[in-house]
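Chain and residue survey
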Amino acid sequence: MSESRSILKSTSYDFEQEVLSRFRYLVDILPPECHIYRETWDSSTVLCLDFQQCPHFLEIIKEKADVLIYGVQNFSLATCILFRHGSKLKAWRHIHSIH
């Protein structure tokens, strides 16, 4: 009973954080220092991976983008993945729908 009450009191932010946590667990290649968040761009949602705290992982993770794309498709998180170093955009990968 208390579990259902806590779900009802959760906010969309709480749900988003839970999904991002599950995404991180599923893909299992992102370093803990990589900041993950979503942004709205026009009418699309993008998944941002910020490597400011771990720049040495950026190129390694970009090479494994297929794993990230699988996770994004699995959770329907975004239409694009952005690879960032702080405010600098370093690369992006478009996500094709799996319908």
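So, here's what we can say about the structure. The structure presented is a predicted model; accordingly, all values stated were derived computationally and were not measured.

Counting residues in each nonpolar core, the largest one holds 21 residues, and the members touching the most others are Phe-23, Leu-30, Leu-47, Leu-49, Phe-51, Leu-68 and Phe-83. Secondary structure elements with two or more residues in this core: helix 2 (12-27), strand 2 (44-50), helix 3 (58-63), helix 4 (65-75) and strand 3 (80-85). Contact partners of Leu-68, with chain neighbours within four places excluded, come to Phe-23, Val-27, Ile-29, Leu-30, Leu-49, Ile-61, Ile-81 and Phe-83. Ranked by size, the runner-up nonpolar core spans 5 residues in total, among them Tyr-37, Val-46, Cys-48 and Cys-80.

On the surface, Trp-41, Leu-89 and Trp-92 cluster together into a nonpolar patch covering about 340 Å² of accessible area. Here Leu-89 is to be found in strand 4 (residues 88-94). A relative accessible area of 40% places Leu-89 in the partly exposed class.

Ordered in space as 1-2-3-4, the 4 strands form an open sheet in which the pairing is mixed. A single partner strand is all that each edge strand has here, and the edge strands are strand 1 (35-41) and strand 4. If you compare each strand with its neighbour and ignore which way they point, the axes differ by 25 degrees on average. Here 6 bridges tie strand 3 to strand 4, and the two strands are oriented antiparallel to one another.

Reading the values: the criteria
- Residues numbered from 1 in each chain as written.
- Predicted model: local features only at pLDDT ≥ 70, side-chain atom pairs only at ≥ 80, totals over all residues.
- Heavy atoms only, no water.
- Core = buried A, V, L, I, M, F, W, Y, C linked by side-chain atoms within 4.5 Å.
- Buried < 20%, exposed > 50% of the residue type's maximum accessible area, 1.4 Å probe, protein only.
- Helix = DSSP H or I, 4+ residues; strand = E, 2+ residues; numbered from the N terminus.
- Contact = heavy atoms within 4.5 Å.
- Patch = residues over 30% accessible without salt bridge, like charges linked within 9 Å, V, L, I, M, F, W, Y side chains within 5 Å.
- Areas by Shrake-Rupley, 256 points an atom, 1.4 Å probe, with all protein chains shown as cover.
- Salt bridge = Lys/Arg side-chain N within 4 Å of Asp/Glu carboxyl O.
- Pairing = 2+ DSSP bridges.
- Axes fitted to C-alpha atoms, helices over the stretch in contact; angles between N-to-C directions.

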